[in-house]
Amino acid sequence: MMNEVHSYSEIKFLPMLIKKQTIVFLISLLTCFNALHAQQKTYCNPINIDYGFTPIPNFSEQGRHRATADPVIVLYKDKYFLFSTNQWGYWWSTDMLNWKFIPRKFLKPDANVYDELCAPAVVVMHDTMLVIGSTYTQAFPLWMSTNPTVDDWKYAVDSFKVGAWDPGFLADDDGKLYIYFGSSNTYPTMGQEIDRKTFQPIGQRDSLLHLNDTIHGWERFGEYHDNTFLKPFIEGSWMTKYHNKYYLQYGAPGTEFSGYGDGVYVSDKPLGPFTYQSHNPFSFKPGGFATGAGHGATYQDVYSNWWHVSTMIVNVKNNFERRIGIWPAGFDKDDILYCNTAFGDYPTYLPSHTNEDHIKGNFTGWMLLNYNKPITVSSTFGNYEPNNAVDESIKTYWCAKTADKGEWIQSDLGDVDTVKAIQINYADQDADILGKSTTIYHQYKLYSSLDGKTWKILVDKSNNKTDVPHDYVELIEPVTARYIKLENIHMADGKFAISGLRVFGNGNGPKPDTVKHFVVLRGDTERRNAWLKWQQSNDAYAYVIYTGIAPDKLYTSIMVYNVNEYYFSAMNLDKPYYFQIEAINENGESAKTSMVKVE
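Residues numbered from 1 in each chain as written. Predicted model: local features only at pLDDT ≥ 70, side-chain atom pairs only at ≥ 80, totals over all residues. Heavy atoms only, no water.

Caption draft 1: Geometry of the overall build of the protein. Of the regular secondary structure elements, the protein holds one helix and 38 strands. For a compact globule of 599 residues, the expected C-alpha radius of gyration is about 25 Å, and the protein comes in at 26 Å, within 12% of that figure. In terms of its C-alpha atoms, the protein occupies a principal-axis envelope of roughly 95 × 60 × 50 Å. When burial is assessed residue by residue, the protein has 59% of its 599 residues classed as buried. A sequence separation of at least 24 residues applies to 63% of the contacts in the protein between residues at least 6 apart. Carbon and sulfur atoms form 52% of the exposed surface of the protein, whose accessible area is close to 25,200 Å². Here the protein holds 54 positive side-chain charges and 67 negative ones, and the gap between their average locations is 3 Å. (Helix = DSSP H or I, 4+ residues; strand = E, 2+ residues; numbered from the N terminus. Rg over C-alpha atoms; globule rule 2.2 N^0.38 Å. Buried < 20%, exposed > 50% of the residue type's maximum accessible area, 1.4 Å probe, protein only. Contact = heavy atoms within 4.5 Å. Areas by Shrake-Rupley, 256 points an atom, 1.4 Å probe, with all protein chains shown as cover. Lys, Arg positive; Asp, Glu negative; His and termini not counted. Charge placed at Lys NZ, Arg CZ, Asp CG, Glu CD.)

Written out as structure tokens, the structure is:
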């Protein structure tokens, strides 16, 4: 109720006062509306989707954990559809940022296996989407839908006779359909034509690709490509047609390793013969917060720009603990397929227009502001120490003693910086879920401070009802801050545990100087390896190494933290290589060094 008016002056100015209050209210309301509906222009790997937990009990004996891999993204009626292993459904999006999950079981009710749509193949043919998972039997159905934004599927055929593991399709523009498949360290990648009317195989399977790790260094098994106890695996088939050439892509050498990547062979015909592309692996991310870029799929966005989606590695609670990353990709002037993973787990611009130059990349230039900076926490469980949350490794994490509301972690940036985005990576300590849950969610508040005493709410997700295991928040307006604090309100499951509280933006100091004394040593007896050395920079926390087969094709990049050497073991035996390196700190990137060539 409005207060009683007692004087003429109050009556005189009352309409003006009411008008002013209304304007203030409307401005406030509009500001809140814009804040709620402001569209982020960036994303950050691993992508933030509601990853399901592994449904396989013996895969989670060392702890329940989220897991998926082997992703496929296809564009269908201007929407993106994402399928991956063992998710009991799939996602779709209009912007490659916000993904809506559609629950769906694709196996027949009598299929007595844990794998639900493992390493799926997806293809769009005219107005129809087709989906099948991996199988060595001939009884799995091939599914079809013309309305996949809801659970509206039916059999294309109830028994797909190919019996293919890690399959990938190609719907060629001449009306023919092909399938490519294989996951083995013994057998090759196979290919076969499929009848488009009956969806059954035509003729015999063709052997298309073998690994050749005696020449291709990156194909060797093991974290260090040393082939210590197993032959390498070839898997994850995907086919892309470009300029009338067929690009048959494959994953190698093993999904557990940071060097897990995708290679490509090229042919003038859909079933070969194929020739190894001069630049390989074309998708490769062995360094940084989250590593790995293997077993994926190449696709185009609504603006016709190319992207590559692939598997990222966690490999802590189980070898198959994995996530998904999306990278800018493309074909250069010589029709070489490449994938740009430089700063591949830093904020990256989403597609916004046609003909984006992915050779230069979509990196925002927002640097990591809190690498190995001081951390304060509310409590610590076991040996999961606080600084694990800022050591730039997804494999390590800090854990609080409980999941209670009010547990917190605070990061000191060291200086007052401009903060533009924050990524919160949750860990699965003491979670107790098998398979997909659609009812779990995270709630938290983020605060900023200049002095560590007076705090402002930066992000309030106290009413959030979605599962955000790798939540990434691009701030509507940048803020200046020295301290960032994350306060737990509700965990999806398990204790409050963080593998990465990553603060991005820009510092106010100088960029690092150019790296000095950069040397690349390639031995005479092992031509697939090189030892890189450089002088440690006093003003840098990390370095990005660029390498490739020509001075204008340095498409491979490796980010390393707080070291001054790197052992590079992904070279072809019989090719010269070119190298450059740059230093990075909170303020930006240094100039690259002069080119170094090794014969």
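That shown, we press on.
Caption draft 2: Local environment of empty space enclosed by the protein. Applying the stated criterion across every chain yields a total of six cavities of 30 Å³ or more. Quantified by volume, the largest cavity comes out at close to 90 Å³. Val-314, Val-316, Lys-317, Glu-321, Arg-323, Ile-394, Lys-395, Tyr-397, Tyr-426, Ala-427, Asp-428 and Ser-499 together form the lining of the largest cavity. A breakdown of the residues in the lining of the largest cavity according to their chemical character gives six nonpolar, one polar and five charged. (1 Å grid on protein atoms, 1.4 Å probe; cavity = no way out; pocket = protein on both sides within 12 Å on 5 of 7 lines; lining within 4 Å. Points joined across faces, edges and corners; volume = space filled by probe spheres on them. Nonpolar A, V, L, I, M, F, W, Y, C, P; charged D, E, K, R; others polar.)

Caption draft 3: View of the sheet that holds strand β11 (residues 177-181). Across the sheet, which stays open at both edges, the four strands sit in the order β10-β11-β12-β13 with antiparallel pairing between neighbours. Where the open sheet ends on each side, the last strands, each with one partner, are β10 (168-171) and β13 (201-209). The mean inter-strand angle of the sheet, taken between neighbouring strand axes irrespective of direction, is 20°. Bridging between strand β12 (residues 189-194) and β13 involves five bridges; their strand directions are antiparallel. Pairing of Glu-193 across the sheet is with Ile-202, part of β13. (Pairing = 2+ DSSP bridges. Axes fitted to C-alpha atoms, helices over the stretch in contact; angles between N-to-C directions.)

Caption draft 4: Structural context of the packing of aromatic side chains. Per the counting criterion, the structure on display carries 40 aromatic pairs. With 4.9 Å between their ring centres and 70° between their planes, Tyr-247 and Phe-331 make a pair best called edge-to-face. One end of the pair, Tyr-247, is in strand β15 (residues 245-252); the other, Phe-331, is in strand β20 (residues 322-331), and 84 residues separate them in sequence. For Tyr-247, a relative accessible area of 0% gives the class buried. For Phe-331, a relative accessible area of 11% corresponds to the buried category. (Phe/Tyr/Trp six-rings, centres within 6.5 Å; stacked < 30°, edge-to-face > 60°.)

Caption draft 5: Up close: the pattern of salt bridges. Taken as a whole and judged by the stated rule, the model has 24 salt bridges. Residues Lys-333 and Asp-334 are paired through a salt bridge, measuring 3.2 Å at the closest nitrogen-oxygen approach. By relative accessible area, Asp-334 is classed as partly exposed at 42%. Salt bridges here are not isolated pairs; linked through shared partners, they connect Asp-332, Lys-333, Asp-334, Asp-552 and Lys-553. (Salt bridge = Lys/Arg side-chain N within 4 Å of Asp/Glu carboxyl O.)

Caption draft 6: Quick look at the pairing of β11. Burial of β11 is extensive: five of the five residues sit out of reach of the surface. A two-sided burial pattern is seen for β11, the buried positions comprising Leu-177, Ile-179 and Phe-181 on one face and Tyr-178 and Tyr-180 on the other. In this structure, β10 lies alongside β11, joined through four bridges in antiparallel fashion. Bridge pairing in β11 links Phe-169 to Ile-179. Between β10 and the antiparallel strand that follows it, β11, lie five residues; Gly-175 among them carries a positive phi value of about 95°. Here β11 runs beside β12; their pairing, made up of five bridges, is antiparallel. Residue pairing for β12: Ile-179 is matched across the bridge by Gln-192.

Caption draft 7: Quick peek at unusual backbone geometry. Note that the residue after Gly-272, namely Pro-273, is joined by a cis bond; omega there is 10°. With respect to the secondary-structure elements, Pro-273 resides in the loop between β16 (261-267) and β17 (275-276). The amide bond that connects Asn-280 to the next residue, Pro-281, takes the cis arrangement and shows omega of -10°. Counting through the fold element by element, Pro-281 comes out in the loop between β17 and β18 (291-300). Here Leu-117, not a glycine, exhibits a phi torsion of approximately 55°, which is positive. Topologically, Leu-117 is positioned in the loop between β5 (100-103) and β6 (121-125). Unusually for a residue other than glycine, Asn-315 sits at a positive phi of about 55°. Residue position: Asn-315 is located in the loop between β19 (306-313) and β20. Given a relative accessible area of 21%, Asn-315 falls into the partly exposed group.

Caption draft 8: Structural context of the sheet that holds β17. Strand order in this open sheet of four strands is β14-β15-β16-β17, and the pairing throughout is antiparallel. Lying at the two open borders of the sheet, with one neighbouring strand each, are β14 (235-242) and β17. Inspection of the sheet shows β15 paired to β16 by seven bridges, in the antiparallel sense. The residue bridging Tyr-246 from the neighbouring strand is Ser-267, located in β16.

Caption draft 9: Main features of the side chain of Asp-467. Positionally, Asp-467 belongs in the loop between β28 (455-460) and β29 (470-490). Looking at Asp-467, the relative accessible area reads 10%, which means it is buried. Looking at Asp-467, its side chain comes within polar contact range of the side chain of Arg-66, at 2.8 Å. Side-chain polar atoms of Asp-467 contact the side chain of His-442, separated by 3.4 Å. Residues contacting Asp-467, with those up to four places away along its chain left out, are Asp-50, Tyr-51, Arg-66, Ile-440, Tyr-441, His-442 and Ala-492. (Polar contact = N/O pair within 3.5 Å; in protein donor to acceptor, adjacent residues only side chain to side chain.)

Caption draft 10: Representation of the environment of Ile-73 within the structure. The residue Ile-73 is located in strand β2 (residues 72-76) in this model. Residue classification places Ile-73 among the buried residues on the basis of a relative accessible area of 0%.

Caption draft 11: Broad picture of the nonpolar core. Tyr-250, Leu-532, Trp-534, Phe-568 and Phe-579 are the most contacted members of the largest nonpolar core, which totals 39 residues. Residue contacts for Phe-568: discarding those within four places in its chain leaves Phe-284, Arg-528, Asn-529, Ala-530, Leu-532, Thr-547, Ile-558 and Phe-579. Formed by 35 residues, the second largest nonpolar core is a distinct cluster that contains Ile-49, Val-74, Val-131 and Trp-143. (Core = buried A, V, L, I, M, F, W, Y, C linked by side-chain atoms within 4.5 Å.)

In short, geometric facts, not functional conclusions.
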